[in-house]
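Listed below are the residues making up each chain.
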Amino acid sequence: MSSATFNPKTHWESIYTNKGPQDVSWFQAMPKVSLDLFAEYGVRSDARLIDIGGGDSLLVDHLLDRGFSDLTVLDISGKALEKAQQRLGDRAKDVEWIEASATDFEAKGLFDVWHDRAVFHFLTTDQEVELYLEKLSKYLAPGGLLILATFSENGPEKCSGIPVHRYSETEMTARLERVCNKIKCITVDHETPAQKIQNFLFCAFRKPEGVPPAKKIQ
């Protein structure tokens, strides 16, 4: 696929228009690793949490079930968000929805938790990574928790027909070090609905206390 003609929004709108939840490799009925990490690091139910690239993921459902009350879901695909809202019904009004790229969005304030399962590895240029890190620096509160998951070095080279950047713990830590301090990284095998195994790197980071956002939020 030519990078000159590739339009990410068009691509993801097509995916979510033409495929059901269990037709995509990233589907999880139970996002156990993310939920376990939230519990391990004491994320409170009143924490302000953003799910980057949440699409129609079931993470938001499980968080609402657990009493989380300040949730934001961001995705480049309006169709993905629409599907999630339809599934949640009346509960959708309890969630903030942002249709935008992870590298180009505005939010209403800082977040205590930034969760990203598999958006970051789609950023394959230094410019895209820098734009993402600017948003992370701007919107993750001092002391805030970052849960970031990508394909590991042993993961697939592509997802949804798009090349990805696979990460080692060392490279992930180096990429994030100017914004957050690493707590730990683990590798996890994800079984897709097609019963294929994809190896993920899940890392937890903490933004140091006293570090202000990169830019003032208006």
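Above this text sits the structure in question.
Residues numbered from 1 in each chain as written. Predicted model: local features only at pLDDT ≥ 70, side-chain atom pairs only at ≥ 80, totals over all residues. Heavy atoms only, no water.

Caption draft 1: Spotlight on helix H2 (residues 32-40). Among the residues making up H2, those that are buried are Val33, Ser34, Leu35, Leu37 and Phe38. Buried positions along H2 lie against strand E1 (49-52), helix H3 (59-65), strand E4 (111-117), strand E5 (140-151), strand E8 (181-191) and strand E9 (197-206). Positive backbone phi, approximately 65°, marks Gly42, located one or two places after H2. (Buried < 20%, exposed > 50% of the residue type's maximum accessible area, 1.4 Å probe, protein only. Helix = DSSP H or I, 4+ residues; strand = E, 2+ residues; numbered from the N terminus. Contact = heavy atoms within 4.5 Å.)

Caption draft 2: Structural context of the packing of aromatic side chains. Using the criterion set out here, one finds 7 aromatic pairs in the structure. Both rings, one in Phe105 and one in Trp114, keep their centres 6.1 Å apart while their planes meet at 45°; by these two values the pair is tilted. A residue is classified by how much of its surface remains accessible, and Trp114, at 0% relative accessible area, is buried. An aromatic cluster is built from Phe105, Trp114, Phe120, Tyr132, Tyr139 and Tyr167, whose rings are joined through pairwise contacts. One Lys or Arg, Arg117, reaches over the ring of Phe200 and ends 5.0 Å from the middle of that ring. When the ring centre of Phe105 is taken as origin, the NZ or CZ atom of Lys135, which lies over that ring, is 5.8 Å away. (Phe/Tyr/Trp six-rings, centres within 6.5 Å; stacked < 30°, edge-to-face > 60°. Lys NZ or Arg CZ within 6 Å of the ring centre and 35° of its normal.)

Caption draft 3: Local environment of the state of the cysteines. Taken as a whole, this structure holds 1 disulfide when the rule is applied. The partner cysteine of Cys185 in its disulfide is Cys203, sulfur to sulfur 2.0 Å. Here Cys185 and Cys203 share a disulfide; its torsion about the S-S bond, 110°, makes the bridge right-handed. With Cys185 in strand E8 and Cys203 in strand E9, the pair connects residues that are 18 residues apart, well separated along the chain. Classification of Cys203 as buried rests on a relative accessible area of 0%. (Disulfide = S-S within 2.5 Å.)

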